[in-house]
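Observations on the three-dimensional arrangement
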There are 2 protein chains.
Amino acid sequence: MEGNGKTRYMQIGEVAQRTGLTQRTIRYYEERGLLRPPTRMEGGFRLYSEEDVQRLEQIKQLTQLLGFSLNEIRQILDAAEVKSQLRADWDKIDPSERRKRLLHAIEASESQIRLIDHKIEQLGQLRARWAERLERYRALLLELDQVESAAT
Amino acid sequence: MEGNGKTRYMQIGEVAQRTGLTQRTIRYYEERGLLRPPTRMEGGFRLYSEEDVQRLEQIKQLTQLLGFSLNEIRQILDAAEVKSQLRADWDKIDPSERRKRLLHAIEASESQIRLIDHKIEQLGQLRARWAERLERYRALLLELDQVESAAT
DNA sequence: TCAAACTTTGACGTTAACGGTAAATTCGGT
DNA sequence: ACCGAATTTACCGTTAACGTCAAAGTTTGA
(Lines give C-alpha, C1' and ligand atoms only; values in the text may rest on other atoms or scores of the structure.)
Protein backbone atom coordinates (compact mmCIF):
# COMPACT_ATOMS: atom_id res chain seq x y z
CA MET A 1 0.00 0.00 0.00
CA GLU A 2 3.00 2.22 0.47
CA GLY A 3 5.30 1.27 -2.37
CA ASN A 4 2.81 2.22 -5.07
CA GLY A 5 4.59 2.91 -8.29
CA LYS A 6 1.88 5.29 -9.47
CA THR A 7 2.28 7.79 -6.63
CA ARG A 8 3.07 11.26 -7.93
CA TYR A 9 5.07 13.49 -5.69
CA MET A 10 4.67 17.22 -5.44
CA GLN A 11 6.73 19.94 -3.89
CA ILE A 12 5.29 22.30 -1.39
CA GLY A 13 4.61 25.02 -3.94
CA GLU A 14 2.28 22.89 -5.99
CA VAL A 15 0.52 21.64 -2.90
CA ALA A 16 0.02 25.22 -1.77
CA GLN A 17 -1.46 26.06 -5.15
CA ARG A 18 -3.82 23.14 -5.13
CA THR A 19 -5.04 23.52 -1.59
CA GLY A 20 -5.11 27.28 -1.44
CA LEU A 21 -3.05 27.20 1.73
CA THR A 22 0.24 29.00 2.06
CA GLN A 23 3.53 27.16 2.32
CA ARG A 24 3.94 28.55 5.79
CA THR A 25 0.61 27.17 6.87
CA ILE A 26 1.43 23.74 5.47
CA ARG A 27 4.70 23.65 7.36
CA TYR A 28 2.96 24.90 10.43
CA TYR A 29 0.45 22.08 10.27
CA GLU A 30 3.30 19.63 10.05
CA GLU A 31 4.96 21.31 13.01
CA ARG A 32 1.80 20.99 15.06
CA GLY A 33 1.39 17.37 14.17
CA LEU A 34 -1.62 17.79 11.94
CA LEU A 35 0.21 16.54 8.91
CA ARG A 36 2.65 13.64 8.97
CA PRO A 37 6.19 14.76 8.07
CA PRO A 38 6.46 14.09 4.36
CA THR A 39 9.31 12.34 2.60
CA ARG A 40 12.15 14.50 1.40
CA MET A 41 14.38 14.77 -1.63
CA GLU A 42 18.10 14.31 -1.13
CA GLY A 43 18.59 17.98 -0.53
CA GLY A 44 15.75 18.21 1.96
CA PHE A 45 12.85 19.47 -0.19
CA ARG A 46 9.53 18.13 1.02
CA LEU A 47 7.67 15.70 -1.23
CA TYR A 48 3.93 15.35 -0.78
CA SER A 49 1.57 12.65 -1.98
CA GLU A 50 -2.07 12.85 -3.03
CA GLU A 51 -2.99 11.54 0.39
CA ASP A 52 -1.30 14.49 1.98
CA VAL A 53 -3.25 16.87 -0.20
CA GLN A 54 -6.49 15.20 0.79
CA ARG A 55 -5.58 15.44 4.43
CA LEU A 56 -4.82 19.13 4.01
CA GLU A 57 -8.18 19.66 2.42
CA GLN A 58 -9.86 17.99 5.34
CA ILE A 59 -8.01 20.22 7.75
CA LYS A 60 -9.06 23.24 5.74
CA GLN A 61 -12.71 22.24 5.85
CA LEU A 62 -12.56 21.77 9.58
CA THR A 63 -10.90 25.11 10.24
CA GLN A 64 -13.57 26.80 8.18
CA LEU A 65 -16.20 25.03 10.18
CA LEU A 66 -14.70 26.82 13.09
CA GLY A 67 -16.30 30.12 12.13
CA PHE A 68 -17.48 32.71 14.61
CA SER A 69 -14.77 35.00 15.81
CA LEU A 70 -15.79 37.70 18.24
CA ASN A 71 -16.12 40.04 15.32
CA GLU A 72 -18.59 37.76 13.64
CA ILE A 73 -20.49 37.35 16.85
CA ARG A 74 -20.73 41.10 17.13
CA GLN A 75 -22.14 41.23 13.64
CA ILE A 76 -24.68 38.60 14.50
CA LEU A 77 -25.76 40.39 17.61
CA ASP A 78 -25.75 43.75 15.90
CA ALA A 79 -28.05 42.32 13.32
CA ALA A 80 -30.18 41.17 16.21
CA GLU A 81 -30.37 44.74 17.34
CA VAL A 82 -32.01 45.77 14.15
CA LYS A 83 -34.93 44.73 16.30
CA SER A 84 -34.56 47.59 18.76
CA GLN A 85 -33.59 49.88 15.92
CA LEU A 86 -36.89 49.02 14.37
CA ARG A 87 -38.78 49.80 17.49
CA ALA A 88 -36.84 52.98 18.18
CA ASP A 89 -38.87 55.89 16.82
CA TRP A 90 -41.46 53.65 15.31
CA ASP A 91 -44.32 55.96 16.20
CA LYS A 92 -42.62 59.06 14.92
CA ILE A 93 -41.81 57.93 11.42
CA ASP A 94 -43.91 57.65 8.34
CA PRO A 95 -44.99 54.37 6.78
CA SER A 96 -42.52 54.39 3.90
CA GLU A 97 -39.64 54.66 6.34
CA ARG A 98 -41.15 51.90 8.41
CA ARG A 99 -41.34 49.72 5.37
CA LYS A 100 -37.73 50.39 4.55
CA ARG A 101 -36.58 49.45 8.02
CA LEU A 102 -38.64 46.32 8.04
CA LEU A 103 -37.21 45.21 4.74
CA HIS A 104 -33.75 45.82 6.05
CA ALA A 105 -34.44 43.75 9.15
CA ILE A 106 -35.80 40.95 7.03
CA GLU A 107 -32.74 40.99 4.82
CA ALA A 108 -30.47 40.78 7.83
CA SER A 109 -32.37 37.90 9.34
CA GLU A 110 -32.37 35.95 6.15
CA SER A 111 -28.67 36.46 5.74
CA GLN A 112 -28.00 35.16 9.23
CA ILE A 113 -30.17 32.15 8.67
CA ARG A 114 -28.37 31.31 5.47
CA LEU A 115 -25.06 31.49 7.28
CA ILE A 116 -26.27 29.21 10.01
CA ASP A 117 -27.75 26.76 7.53
CA HIS A 118 -24.46 26.56 5.75
CA LYS A 119 -22.65 25.67 8.93
CA ILE A 120 -25.26 23.11 9.84
CA GLU A 121 -24.91 21.52 6.45
CA GLN A 122 -21.16 21.28 6.76
CA LEU A 123 -21.51 19.70 10.16
CA GLY A 124 -24.07 17.32 8.74
CA GLN A 125 -21.62 16.14 6.10
CA LEU A 126 -18.97 15.62 8.72
CA ARG A 127 -21.43 13.65 10.79
CA ALA A 128 -22.34 11.46 7.84
CA ARG A 129 -18.73 10.57 7.28
CA TRP A 130 -18.36 9.52 10.89
CA ALA A 131 -21.58 7.59 10.89
CA GLU A 132 -20.45 5.67 7.86
CA ARG A 133 -17.19 4.80 9.55
CA LEU A 134 -19.03 3.71 12.63
CA GLU A 135 -21.21 1.39 10.63
CA ARG A 136 -18.21 -0.25 9.05
CA TYR A 137 -16.67 -0.86 12.44
CA ARG A 138 -19.87 -2.33 13.75
CA ALA A 139 -20.12 -4.64 10.77
CA LEU A 140 -16.57 -5.77 11.33
CA LEU A 141 -17.29 -6.41 14.96
CA LEU A 142 -20.29 -8.50 14.12
CA GLU A 143 -18.30 -10.51 11.65
CA LEU A 144 -15.65 -11.11 14.26
CA ASP A 145 -18.14 -12.25 16.84
CA GLN A 146 -19.80 -14.64 14.42
CA VAL A 147 -16.54 -16.27 13.49
CA GLU A 148 -15.69 -16.67 17.12
CA SER A 149 -19.05 -18.08 18.15
CA ALA A 150 -18.94 -20.49 15.26
CA ALA A 151 -15.56 -21.70 16.48
CA THR A 152 -16.71 -22.58 19.98
CA MET B 1 -39.23 50.92 28.07
CA GLU B 2 -36.04 52.39 29.45
CA GLY B 3 -37.18 54.14 32.58
CA ASN B 4 -38.54 51.01 34.14
CA GLY B 5 -38.71 51.37 37.88
CA LYS B 6 -38.34 47.65 38.41
CA THR B 7 -34.91 47.39 36.82
CA ARG B 8 -32.36 45.99 39.22
CA TYR B 9 -28.80 47.01 38.73
CA MET B 10 -25.81 44.83 39.41
CA GLN B 11 -22.14 45.50 39.68
CA ILE B 12 -19.64 43.66 37.60
CA GLY B 13 -18.82 41.14 40.30
CA GLU B 14 -22.34 39.82 40.49
CA VAL B 15 -22.63 39.71 36.73
CA ALA B 16 -19.41 37.74 36.56
CA GLN B 17 -20.79 35.30 39.11
CA ARG B 18 -24.03 34.83 37.28
CA THR B 19 -22.61 34.45 33.81
CA GLY B 20 -19.52 32.50 34.71
CA LEU B 21 -17.41 34.98 32.79
CA THR B 22 -14.54 36.86 34.39
CA GLN B 23 -14.69 40.58 35.04
CA ARG B 24 -11.84 40.98 32.65
CA THR B 25 -13.75 39.23 29.91
CA ILE B 26 -16.84 41.33 30.49
CA ARG B 27 -14.86 44.53 30.20
CA TYR B 28 -13.12 43.15 27.17
CA TYR B 29 -16.42 42.49 25.45
CA GLU B 30 -17.44 46.05 26.15
CA GLU B 31 -14.12 47.26 24.76
CA ARG B 32 -14.67 45.29 21.59
CA GLY B 33 -18.17 46.60 21.18
CA LEU B 34 -19.95 43.35 21.94
CA LEU B 35 -21.61 44.81 24.97
CA ARG B 36 -23.02 48.30 25.10
CA PRO B 37 -21.20 50.48 27.65
CA PRO B 38 -23.30 50.16 30.78
CA THR B 39 -24.43 53.02 32.96
CA ARG B 40 -22.16 54.04 35.77
CA MET B 41 -22.46 55.07 39.37
CA GLU B 42 -21.20 58.50 40.30
CA GLY B 43 -17.79 57.18 41.08
CA GLY B 44 -17.56 55.24 37.83
CA PHE B 45 -18.56 51.71 38.88
CA ARG B 46 -20.37 49.88 36.10
CA LEU B 47 -24.04 49.08 36.58
CA TYR B 48 -25.53 46.24 34.56
CA SER B 49 -29.13 45.38 33.85
CA GLU B 50 -30.81 42.02 33.29
CA GLU B 51 -30.69 42.72 29.59
CA ASP B 52 -26.95 42.99 29.77
CA VAL B 53 -26.73 39.65 31.49
CA GLN B 54 -28.86 38.06 28.82
CA ARG B 55 -26.70 39.53 26.14
CA LEU B 56 -23.61 38.19 27.83
CA GLU B 57 -25.12 34.75 27.95
CA GLN B 58 -25.83 34.91 24.26
CA ILE B 59 -22.26 35.88 23.58
CA LYS B 60 -21.07 33.01 25.71
CA GLN B 61 -23.21 30.53 23.79
CA LEU B 62 -21.90 31.78 20.52
CA THR B 63 -18.27 31.62 21.54
CA GLN B 64 -18.77 28.05 22.67
CA LEU B 65 -20.32 27.26 19.36
CA LEU B 66 -17.03 28.29 17.90
CA GLY B 67 -15.28 25.06 18.91
CA PHE B 68 -12.58 23.39 16.85
CA SER B 69 -9.15 24.72 17.58
CA LEU B 70 -6.32 23.14 15.66
CA ASN B 71 -5.74 20.87 18.61
CA GLU B 72 -9.27 19.60 18.43
CA ILE B 73 -9.00 19.13 14.72
CA ARG B 74 -5.91 17.08 15.24
CA GLN B 75 -7.80 14.94 17.70
CA ILE B 76 -10.59 14.47 15.22
CA LEU B 77 -8.25 13.48 12.46
CA ASP B 78 -6.21 11.29 14.76
CA ALA B 79 -9.37 9.52 15.71
CA ALA B 80 -10.03 9.14 12.02
CA GLU B 81 -6.72 7.40 11.71
CA VAL B 82 -7.80 4.76 14.11
CA LYS B 83 -8.93 3.43 10.77
CA SER B 84 -5.41 2.88 9.44
CA GLN B 85 -4.30 1.83 12.89
CA LEU B 86 -6.94 -0.82 12.73
CA ARG B 87 -5.79 -2.02 9.37
CA ALA B 88 -2.13 -1.85 10.33
CA ASP B 89 -1.12 -5.31 11.48
CA TRP B 90 -4.60 -6.67 11.19
CA ASP B 91 -3.45 -10.00 9.82
CA LYS B 92 -0.74 -10.51 12.38
CA ILE B 93 -2.78 -10.09 15.53
CA ASP B 94 -5.09 -12.44 17.31
CA PRO B 95 -8.86 -12.04 17.41
CA SER B 96 -9.08 -10.72 20.97
CA GLU B 97 -6.72 -7.89 20.12
CA ARG B 98 -8.73 -7.21 16.99
CA ARG B 99 -11.84 -6.98 19.06
CA LYS B 100 -10.23 -4.57 21.44
CA ARG B 101 -9.10 -2.28 18.67
CA LEU B 102 -12.48 -2.37 17.02
CA LEU B 103 -14.23 -1.46 20.23
CA HIS B 104 -11.83 1.41 20.68
CA ALA B 105 -12.50 2.67 17.19
CA ILE B 106 -16.22 2.45 17.79
CA GLU B 107 -15.94 4.39 21.01
CA ALA B 108 -13.95 7.12 19.30
CA SER B 109 -16.42 7.41 16.46
CA GLU B 110 -19.37 7.61 18.77
CA SER B 111 -17.69 10.30 20.79
CA GLN B 112 -17.03 12.38 17.70
CA ILE B 113 -20.59 11.99 16.54
CA ARG B 114 -21.93 13.11 19.88
CA LEU B 115 -19.74 16.18 19.75
CA ILE B 116 -20.94 17.02 16.28
CA ASP B 117 -24.56 16.44 17.21
CA HIS B 118 -24.21 18.81 20.09
CA LYS B 119 -22.92 21.55 17.85
CA ILE B 120 -25.64 20.94 15.34
CA GLU B 121 -28.24 21.19 18.04
CA GLN B 122 -26.87 24.48 19.28
CA LEU B 123 -26.87 25.84 15.78
CA GLY B 124 -30.41 24.62 15.37
CA GLN B 125 -31.54 26.57 18.37
CA LEU B 126 -29.84 29.67 17.08
CA ARG B 127 -31.54 29.18 13.75
CA ALA B 128 -34.92 28.82 15.39
CA ARG B 129 -34.54 32.13 17.16
CA TRP B 130 -33.72 33.86 13.91
CA ALA B 131 -36.54 32.20 12.09
CA GLU B 132 -38.96 33.37 14.73
CA ARG B 133 -37.71 36.89 14.41
CA LEU B 134 -38.02 36.72 10.68
CA GLU B 135 -41.62 35.63 10.93
CA ARG B 136 -42.48 38.55 13.15
CA TYR B 137 -40.95 40.96 10.69
CA ARG B 138 -42.83 39.41 7.82
CA ALA B 139 -46.08 39.65 9.75
CA LEU B 140 -45.40 43.29 10.46
CA LEU B 141 -44.67 43.93 6.83
CA LEU B 142 -47.91 42.32 5.77
CA GLU B 143 -49.82 44.38 8.27
CA LEU B 144 -48.19 47.52 6.97
CA ASP B 145 -49.00 46.70 3.39
CA GLN B 146 -52.61 45.98 4.19
CA VAL B 147 -53.06 49.27 5.98
CA GLU B 148 -51.57 51.08 3.06
CA SER B 149 -53.58 49.31 0.39
CA ALA B 150 -56.76 49.96 2.37
CA ALA B 151 -55.89 53.65 2.42
CA THR B 152 -55.53 54.03 -1.35
C1' DT C 1 28.34 24.90 -15.21
C1' DC C 2 25.63 28.57 -14.27
C1' DA C 3 21.57 31.26 -13.41
C1' DA C 4 16.76 31.48 -12.21
C1' DA C 5 13.38 29.56 -9.51
C1' DC C 6 12.23 27.09 -5.64
C1' DT C 7 12.78 25.54 -0.90
C1' DT C 8 14.66 25.34 3.94
C1' DT C 9 15.26 26.86 8.62
C1' DG C 10 15.09 30.52 11.82
C1' DA C 11 13.61 34.40 13.81
C1' DC C 12 10.73 38.12 14.62
C1' DG C 13 5.99 40.34 13.98
C1' DT C 14 0.86 40.36 14.47
C1' DT C 15 -3.98 39.74 15.81
C1' DA C 16 -7.43 37.78 18.75
C1' DA C 17 -8.91 36.79 23.16
C1' DC C 18 -8.25 37.04 27.11
C1' DG C 19 -5.22 36.44 32.19
C1' DG C 20 -2.85 38.81 35.85
C1' DT C 21 -1.23 42.43 38.56
C1' DA C 22 -0.64 47.01 40.46
C1' DA C 23 -1.90 51.51 42.00
C1' DA C 24 -5.53 54.42 42.68
C1' DT C 25 -10.59 55.16 43.57
C1' DT C 26 -15.08 54.22 45.26
C1' DC C 27 -18.79 52.07 47.99
C1' DG C 28 -21.22 50.53 51.95
C1' DG C 29 -21.47 50.06 56.66
C1' DT C 30 -20.46 51.62 61.38
C1' DA D 1 -14.64 59.91 59.44
C1' DC D 2 -12.82 55.51 58.53
C1' DC D 3 -12.07 50.67 57.02
C1' DG D 4 -12.35 46.66 54.23
C1' DA D 5 -14.22 44.98 50.03
C1' DA D 6 -15.14 45.92 45.35
C1' DT D 7 -13.99 48.34 41.25
C1' DT D 8 -11.35 51.31 37.92
C1' DT D 9 -7.75 52.05 34.43
C1' DA D 10 -3.39 50.78 32.69
C1' DC D 11 -0.14 47.91 31.22
C1' DC D 12 2.40 43.68 30.57
C1' DG D 13 2.13 38.61 29.50
C1' DT D 14 0.43 34.49 26.86
C1' DT D 15 -1.28 31.17 23.41
C1' DA D 16 -2.86 30.10 18.83
C1' DA D 17 -2.34 30.56 14.15
C1' DC D 18 -0.31 32.10 11.09
C1' DG D 19 2.53 36.30 8.06
C1' DT D 20 6.87 38.10 6.65
C1' DC D 21 11.55 38.38 5.75
C1' DA D 22 16.35 37.01 5.30
C1' DA D 23 20.18 34.09 4.46
C1' DA D 24 21.59 29.87 2.77
C1' DG D 25 21.02 25.69 0.27
C1' DT D 26 18.79 22.84 -3.78
C1' DT D 27 16.89 21.76 -8.46
C1' DT D 28 16.48 22.07 -13.04
C1' DG D 29 16.93 23.44 -17.63
C1' DA D 30 19.77 25.59 -21.21
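This write-up is about the structure you can find in this document. (Residues numbered from 1 in each chain as written. Chains lettered and ligands numbered in written order. Predicted model: local features only at pLDDT ≥ 70, side-chain atom pairs only at ≥ 80, totals over all residues. Heavy atoms only, no water.)

**Here we look at the overall build of chain A**
Looking only at helices and strands, chain A features 6 helices and 2 strands. Going residue by residue from the N terminus, the α and β elements of chain A occur as α-α-β-β-α-α-α-α. Evaluated residue by residue, chain A yields a buried proportion of 35% over its 152 residues. The long-range share in chain A, meaning contacts at least 24 apart out of those at least 6 apart in sequence, stands at 51%. As presented, chain A carries roughly 9600 Å² of accessible surface, and 49% of it is formed by carbon and sulfur atoms. (Helix = DSSP H or I, 4+ residues; strand = E, 2+ residues; numbered from the N terminus. Buried < 20%, exposed > 50% of the residue type's maximum accessible area, 1.4 Å probe, protein only. Contact = heavy atoms within 4.5 Å. Areas by Shrake-Rupley, 256 points an atom, 1.4 Å probe, with all protein chains shown as cover.)

**Overview of the packing of helix α1 (residues 12-19) of chain B against helix α2 (residues 23-31) of chain B**
Residue and element names in this part refer to chain B. One way to put it is that α1 packs onto α2 with a least axis distance of 9 Å and a crossing angle of 100°. Compared by their axis directions, α1 and α2 come out roughly perpendicular. Along its contact with α1, which presents I12, G13, V15, A16 and T19, the element α2 presents Q23, I26 and R27. Grouping the constituent residues of the contact of α1 with α2 by class yields 4 nonpolar, 3 polar and 1 charged. (Axes fitted to C-alpha atoms, helices over the stretch in contact; angles between N-to-C directions. Parallel < 35°, antiparallel > 145°, perpendicular 65-115°, else oblique. Nonpolar A, V, L, I, M, F, W, Y, C, P; charged D, E, K, R; others polar.)

**So, α2 of chain B**
Residues and elements named next belong to chain B. Regarding α2, the residues found buried are I26, Y29 and E30. Down the axis of α2, the smallest arc covering the buried residues is 100°, so these residues share one side. In α2, the exposed positions angled more than 90 degrees off the buried face are occupied by R24 and E31. In the segment just after α2, G33 is the residue with positive phi, at about 85°. (Arc of directions from axis to C-beta.)

**Section: the pattern of salt bridges**
Applying the stated criterion across every chain, the model contains 20 salt bridges over all chains. Note that R8 of chain B is salt-bridged to E14 of chain B, the shortest N-O span being 3.0 Å. R8 of chain B sits in the partly exposed class, given a relative accessible area of 46%. One network of salt bridges, in which partners are shared, links E110 of chain A together with E135 and R138 of chain B. (Salt bridge = Lys/Arg side-chain N within 4 Å of Asp/Glu carboxyl O.)

**Structural notes on the packing of aromatic side chains**
We describe a pair of aromatic rings using the distance from one ring centre to the other and the angle between the two ring planes. Residues and elements named next belong to chain A. Following the criterion strictly, the structure yields 2 aromatic pairs over all chains and no others. Centroid distance Y28 to Y29: 6.3 Å. Interplanar angle 45°. Geometry classified as tilted. The ring centre of W130 lies 4.7 Å from the NZ or CZ of R133, which sits over that ring. (Phe/Tyr/Trp six-rings, centres within 6.5 Å; stacked < 30°, edge-to-face > 60°. Lys NZ or Arg CZ within 6 Å of the ring centre and 35° of its normal.)

**Observations regarding the side chain of T19 of chain A**
All names here are of chain A. When you line up the elements, T19 lands in helix α1 (residues 12-19). For T19, a relative accessible area of 3% translates into the label buried. From its side chain, T19 meets the backbone oxygen of V15 in a polar contact 2.8 Å long. Of note is the side chain of T19, whose polar atom sits 3.2 Å from the backbone nitrogen of L21. Beyond its immediate sequence surroundings of up to four residues, T19 is in contact with I26, V53, L56, E57 and K60. (Polar contact = N/O pair within 3.5 Å; in protein donor to acceptor, adjacent residues only side chain to side chain.)

**Some words on the side chain of E30 of chain A**
Residues and elements named next belong to chain A. Tracing the chain through its elements places E30 in helix α2 (residues 23-31). At 2.8 Å, the side chain of E30 forms a polar contact with the side chain of R46. Excluding its chain neighbours within four sequence positions, the residues that come into contact with E30 are L35, P37, P38, R40, R46 and Y48.

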